[in-house]
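# Coordinate inspection notes
Chain residues, written in single-letter form:
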Amino acid sequence: MTSQKNKKTIVNTHFPIVGIGASAGGLAAFEAFFSGMPIDTTPNMAFVLVQHLAPEHTSILADLIQKYTPMHVFEVKDGITVQPNCVYIIPPGVDMALLNGTLQLLEPSQPHGRRLPIDFFFRSLAQDQHERAIGIILTGTGSDGTQGIRAIKKEGGMVIVQDPTSAEYDGMPRSAVATGLVDYELSPSEMSTQLIAYATHALGNFHSSLPPEKKKERESSLKKIFILLRSQTGHDFSQYKPSTIYRRVERRMVVHKIEMIDQYVKYLQQIPDEIEALFRDLLIGVTKFFRDPEAFMMLKETIIPKLFKGKPAGSTIRIWSSGCSTGEEAYSIAILMYEHLEETKQRYAVQVFATDIDANAIATARAGIYPASIATYVSEERLARFFTVEANGSTYRIHKNIRNMVIFSEHDLIKDPPFSKLDFIICRNLMIYMNAELQKRLIPLFHYALNPNGTLFLGSSESIGEFSDLFSTLDLKSKLYRRNDHISNSNRKAHNPFSLPINTMHTTPPDGNIKSAVPVKLPLRELTEQALLQQIAPSGALINEVGDILYLHGRTGMYLELPSGESSTNNILLMAREGLRRDLTIALHNAVSTKEIVRSLGLKIQTNGHFTIVNLTIRPVVTGSSTIVQEYLYLVILEEVSLLDSEQAKQGALRAIAESDTPDANAHLYIAALKQELLSKEEYIKIAKEKMESANKKLKSSNEQMQAVNEELQSTNEELETSKEELQSTNEELSTVNTELQTKVADLSQANNDMNNLLAGTGVGTVFVDHQLRILRFTPEARAIINLIPGDEGRSVAHLVSNLVGYNHMVSDVQAVLDTLVPKEVDVQTTAGKWYAMHIFPYRTLDNVIEGAVLTFVDITEISQTREELKKANEGLRLAVVVRDAHDAITVQDLNGRILAWNPGAVRMYGWSETEALAINTRERIPQELREEALKKVHQLSLAEVLEPYRTQRITKN
């Protein structure tokens, strides 16, 4: 990260550079923008135009722009230095980048249809100019520029987008606006005024030096801003790096033309929406698919296979992507996991928990829709396998099988419990914004969340710092680390994120915990009786090493009593009467430590107002027969002795001292007794102290364990909430799908009604059959043709009796069409005398699959009748032609002798023209003597008699 001091130097000696992106149709927007831009801008600025141009296109954009602005306009040459008050235009067929204030031209790495030159330039502009970078998106299709403005905003720059309603093509503006990172939405003619005002305030405010007294005021104002952010958003930014926070605050101040930070605090208090805007600016996450390809290749080849090592088939691999932003890295990990499962043919469940505090980013990640610019980072093979192109053609949607592997959730890494029992954590480029104290909290937290040998993946500028005992380095360049399990208890306690010993988590209780009592089947009575026979005693108790009574023998009420209050204890140390408890505690401790018989003589036990003198013996009893592992119980023997015996023992001791040569025997005896009693009490106090310390340790351990369990429960609850949220999201998706299905059902019902009405309206009889010639459905017009009723659906065509005359091979014709896929057409007649044109053709689905056949019957009765009439007319016409062309005389007359036809041969033979002949009756052309015979012949013809050829005469004109 560049230091503040270096950035001050750059800002004070350089000018802002404005990158402008548009599609090939953006000339009108360019004209409106530059028409309002004066030549002497204050402060000076340079403009770089990046337009979508075909590689073979000769650009005349420089000449066109020169008409709209008095500034110098250049088509970029490789290595040209950017100067203020100049306009630079990208040449066709190249990618362009900015480096140290110079424009560099590069050969495109992508084909023309997939190039994103605006994104490419904007990213270099942001990296080179930082907060002085300004990006403008004008009219255009697609989503080029969307990723570029993310980079500009990350570096503290400013973004202006053409108001989509004023854009000729609104694809690029709307895609940019959808990121939520746009500072201004303006028409091109309004941009110049806002741009000059912003640049003036930016150069006047960015990193201006402050006197020492003002720095303290700034820190105080920043704390107030943190309070306002925490109050409204619930997130605490006080442990983020102040330089990063202040840079974003400065940028918001410039946007609103606010000079002093205390004024901005008041503005935040008055305008709650500005708190949300500042919150979004603080959360700008620059991410992409497979960021840092070498590191992801290391993951694919080395790390991911190890995640499955030792895992039983069917188990779950748990991964946490913390600070996932819009989800690209989480999906990248899921894609690698899916590829590994496919390659190895293994069956495992994979859960990728992807979390971020930015609700808008999580919503984008859940939708799984990304701009076409991802093609720059995702290979064509992966695009085809794991993404689908949306209907608009400019966005990709993540495939369902990858989406189902990822669970997105809002999660604050600072205050929310972590996920647990993870195999892999990816947290890249998040800790670089946090101060050292917060980073020291996160690394132990990641250690706690990971399973043994789990893997941590950090960003290129991040490391585990001083926690080398918690993690070992797998690949320093790729920032891959493995969880260590063999660390000292002191280090565990020092590094525990919950201020608890980490070994209390997921572990069994410590060894100091009380062991369970002797198994039920152990012959306690026999053991007790055998021990008592060895040491004859009227009263005794069999206990374990901590004093729990397992068996009582004899009358022990004189020595033991139940404590007052509610208690179910059976511990002999708590039940011992006054005078027995101290010595019993000391004796039991010694017996447990040495496994030898311990005796204490002459104890005065107070019982109901008087004292009883007893000798105490504790004898270890071996309960197991194995010589390798032996378990011990302890027999407490209380033997009452008479007062006389006790006094005699004392007197004997006194006489022994008196008979000695030591003077002041009584004094020495008294002092020795006091010393013995003092030593006894000191030992008792020591034992009590040890027991108290042991009890405290157990309580502390139990408390820590309970806290760890509580954290586990909180983590589990978080996962359950995440699962609930995912279920709600899935339910919403199902509701959406259900709504779509209901809409489709309604559309299908409407289409079905339309189709039925269409078929009924055409009057065409139609029958649908399947491969087995079973009737699927038919139209009402088909009923009269082949005797169909509604119950015939599902019956074979071969079982039906049709009304067709002379046509009995319908079944064979349909089968032939199904076999050959060649349509067939036959004219058929019904018993009612109607004619139909029957067409048989295959039934094809939209996927070109044959699912049966379709029979249609078109009524052609009128056509058939017309055809017959035309046939007859054609026959008469042909006869007329023959008559006309014949050499012989041919005439036609009716039974009354009127001439109806007179051909040219008759004209030649008789001399009368056709007109003259039609006016003459045939009787006038028959000689008088033959007239009676000729009329007789005519009468025979009227009776339909066939006459033999005969000779006759006719009168001619001449």
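Keep in mind that what you see is a predicted model, and the values were worked out from it rather than measured.

Definitions and cut-offs
- Residues numbered from 1 in each chain as written.
- Predicted model: local features only at pLDDT ≥ 70, side-chain atom pairs only at ≥ 80, totals over all residues.
- Heavy atoms only, no water.
- Helix = DSSP H or I, 4+ residues; strand = E, 2+ residues; numbered from the N terminus.
- Buried < 20%, exposed > 50% of the residue type's maximum accessible area, 1.4 Å probe, protein only.
- Contact = heavy atoms within 4.5 Å.
- Areas by Shrake-Rupley, 256 points an atom, 1.4 Å probe, with all protein chains shown as cover.
- Core = buried A, V, L, I, M, F, W, Y, C linked by side-chain atoms within 4.5 Å.
- 1 Å grid on protein atoms, 1.4 Å probe; cavity = no way out; pocket = protein on both sides within 12 Å on 5 of 7 lines; lining within 4 Å.
- Points joined across faces, edges and corners; volume = space filled by probe spheres on them.
- Nonpolar A, V, L, I, M, F, W, Y, C, P; charged D, E, K, R; others polar.
- Arc of directions from axis to C-beta.
- Pairing = 2+ DSSP bridges.
- Salt bridge = Lys/Arg side-chain N within 4 Å of Asp/Glu carboxyl O.
- Axes fitted to C-alpha atoms, helices over the stretch in contact; angles between N-to-C directions.
- Parallel < 35°, antiparallel > 145°, perpendicular 65-115°, else oblique.
- Right-handed = clockwise from strand over helix to strand, strands pointing away.
- pLDDT = per-residue confidence, 0-100.
- Phe/Tyr/Trp six-rings, centres within 6.5 Å; stacked < 30°, edge-to-face > 60°.
- Polar contact = N/O pair within 3.5 Å; in protein donor to acceptor, adjacent residues only side chain to side chain.

Next up on the list: the overall build of the chain. Assigned secondary structure in the chain consists of 29 helices and 33 strands. Per-residue burial over the chain gives 44% buried out of 958 residues. Look at the contacts in the chain between residues 6 or more apart in sequence, and 64% of them connect residues 24 or more apart. Summed over its atoms, the accessible surface of the chain is roughly 50800 Å², and 53% of this surface lies on carbon and sulfur atoms.

Turning to the nonpolar core, a few remarks are in order. In a soluble, globular protein the nonpolar side chains are often hidden away together inside. Counting residues in each nonpolar core, the largest one holds 50 residues, and the members touching the most others are Ile225, Phe237, Val249, Trp320, Phe446, Leu456 and Phe471. For this core, the secondary structure elements donating two or more residues are α8 (212-233), α9 (242-255), α10 (261-270), α11 (272-282), β17 (422-427), α17 (436-449) and β18 (450-458). Here this core takes six residues from α17, the largest share from any one element. If we skip the residues at most four places from it in the chain, Leu456 touches Ile425, Phe446, Leu450, Ile464, Phe471, Lys479, Leu480 and Tyr481. Counting residues in hydrophobic clusters, the runner-up holds 43 residues, among them Leu299, Met337, Phe386 and Ile398.

It is the rolling of a water-molecule-sized probe over the atoms that shows where space remains empty. On inspection of all chains with the given rule, the structure shows two cavities of 30 Å³ or more. Surrounding the second largest cavity, Gln147, Thr287, Lys288, Phe289, Glu328, Ser373, Ile374 and Tyr377 form its lining. Within the lining of the second largest cavity, the residues separate by chemical class into three nonpolar, three polar and two charged.

What follows covers helix α2 (residues 27-35). Within α2 the residues assigned to the buried category are Ala29, Phe30, Phe33 and Phe34. Along the axis of α2, the buried residues cluster in a sector spanning 120°; they form a single face.

Turning our attention to unusual backbone geometry. Although it is not a glycine, Asp292 sits at a positive phi angle of roughly 65°. Relative to the assigned elements, Asp292 resides in the loop between α11 and α12 (293-307). Of note in the backbone geometry, Lys595 takes a positive phi value of approximately 60° without being a glycine. Of the residues examined, Lys595 reaches a relative accessible area of 35% and is grouped as partly exposed.

Time to look at the sheet that holds strand β30 (residues 835-844). Read across the open sheet, the six strands follow the order β27-β26-β31-β30-β29-β28; overall the sheet is antiparallel. What marks the edges here is a single partner per strand, and that holds for β27 (775-778) and β28 (804-805).

Moving on, we get to the pattern of salt bridges. This structure, assessed with the given rule, holds 14 salt bridges. Note that Arg428 and Asp292 form a salt bridge whose closest N and O atoms lie 3.5 Å from each other. Pair noted here: Arg428 is in the loop between β17 and α17 and Asp292 is in the loop between α11 and α12, with a separation of 136 residues, a long-range link. The residue Arg577 makes a salt bridge to Glu561 at a minimum N-O spacing of 3.3 Å. Of this pair, Arg577 sits in the loop between α20 (572-575) and α21 (581-594) while Glu561 sits in the loop between β22 (549-553) and α20; the two residues are 16 residues apart in sequence, bridging distant segments of the chain. Looking at Arg577, the relative accessible area reads 13%, which means it is buried. Several salt bridges share partner residues, and in doing so they unite Lys300, Glu339, Glu343 and Arg382 into one network.

Structurally, the position occupied by Glu294 is in helix α12. Through-space distance from the C-alpha of Glu294 to that of Lys477 is 9.4 Å; in sequence the pair is 183 residues apart.

Our focus in this paragraph is the packing of helix α4 (residues 117-129) against helix α5 (residues 146-154). With their axes 7 Å apart at the nearest point, α4 and α5 run at an angle of 5° to one another. In terms of orientation, α4 and α5 fall into the roughly parallel class. On the side of α4, the interface is formed by Asp119, Phe122, Arg123, Leu125 and Ala126, while α5 contributes Thr146, Gln147, Gly148, Ile149, Ala151 and Ile152. A breakdown of the residues in the contact of α4 with α5 according to their chemical character gives six nonpolar, three polar and two charged.

Strand order in this open sheet of three strands is β4-β7-β6, and the pairing throughout is antiparallel. Every other strand in the sheet has two partners, leaving β4 (80-81) and β6 (95-99) as the edge strands with one partner each. When β4 meets strand β7 (residues 102-106), the two strands line up antiparallel, connected through two bridges. Note that in β7 the partner of Ile80 across the bridge is Leu103.

For strand β9 (residues 158-162), a buried count of five out of five residues is recorded, marking the element as mostly surrounded by other parts of the structure. Neither face of β9 is left uncovered, since the one carrying Met158, Ile160 and Gln162 and the one carrying Val159 and Val161 both have all their residues buried. Inspection of the sheet shows strand β8 (residues 133-137) paired to β9 by four bridges, in the parallel sense. Within β9, the residue paired with Ile134 across the bridge is Met158. Following the backbone out of β8, through α5 and into the adjacent parallel β9, one traces a crossover that is right-handed. In terms of strand pairing, β9 meets strand β10 (residues 184-186) through three bridges, oriented parallel. Each residue of the ladder has a partner; that of Val161, found in β10, is Glu185. Once the chain exits β9 it traverses helix α6 (residues 171-177) before rejoining the sheet at β10, and the crossover so formed is right-handed.

A few words on the confidence of the model for the chain. In the predicted model, the chain carries a mean pLDDT of 77, and 80% of its residues have values of at least 70. A low-confidence stretch, residues 498-522 (pLDDT under 50), is modelled with 45 contacts involving residues beyond four sequence positions or located in other chains. Contacts from residues 625-629, a stretch scored under 50 in pLDDT, to residues over four places away or in other chains number zero contacts.

Scanning the model with the defined rule gives 21 aromatic pairs in all. Their ring planes at 65° and their centres at 5.3 Å tell us that Trp320 and Phe419 sit as a pair that is edge-to-face. Here Phe419 lies in the loop between β16 (406-410) and β17 and Trp320 lies in strand β11 (residues 316-322), a separation of 99 residues in the sequence. One exposure class covers both Trp320 and Phe419, and it is buried. The interplanar angle of 80° and the centroid separation of 6.3 Å between the aromatic rings of Phe387 and Tyr396 together place this pair among those described as edge-to-face. Under the relative-accessibility criterion, Tyr396 is labelled buried at 17%. Grouped by ring-pair contacts, the aromatic residues Phe289, Tyr331, Tyr370, Phe387, Tyr396 and Phe408 constitute a single cluster.

Along strand β12 (residues 349-356), six of the eight residues are buried, which leaves the element largely enclosed by surrounding structure. By the bridge criterion, seven bridges tie β11 to β12 in an arrangement that is parallel. In the sheet register, Thr316 faces β12, and the bridge partner there is Ala349. At this point the chain moves from β11, through helix α13 (residues 328-344), to the parallel β12, and the crossover so formed is right-handed. Of the strand pairs in this sheet, β12 and β16 are connected by five bridges, and their pairing is parallel. Each residue of the ladder has a partner; that of Asp356, found in β16, is Glu410.

Attention now moves to the environment of Ile786. Inspection of the secondary structure puts Ile786 in helix α24 (residues 783-786). Look past the residues within four positions of Ile786 in its chain and what remains in contact with it is Val767, Leu800, Val801, Ser802, Asn803 and Met810.

Our focus in this paragraph is the packing of α10 against α11. Remark: α10 packs on α11, axes separated minimally by 5 Å, with the N-to-C direction vectors making an angle of 115°. Classified by the angle between their axes, α10 and α11 sit roughly perpendicular to one another. Residues Tyr264, Tyr267, Leu268 and Gln270 of α10 touch α11, and the partners they reach there are Pro272, Glu274, Ile275 and Leu278. For the contact of α10 with α11, the per-class residue count stands at six nonpolar, one polar and one charged.

Another aspect to go through is the environment of Asp144. Mapped onto the elements, Asp144 comes out in the loop between β8 and α5. Setting aside residues up to four positions removed in sequence, Asp144 forms contacts with His52, Leu116, Pro117, Ile118, Asp119, Ile137 and Met172. A distance of 3.1 Å separates a polar atom in the side chain of Asp144 from the backbone nitrogen of Ile118. Among the polar contacts listed, one links the side chain of Asp144 to the backbone nitrogen of Asp119, at a separation of 3.0 Å.

Another aspect to go through is the side chain of Ser322. Looking at where Ser322 falls in the secondary structure, it is placed in strand β11. Excluding residues that lie within four positions of it along the chain, Ser322 makes contacts with Thr355, Leu413, Ile426, Cys427 and Leu430.

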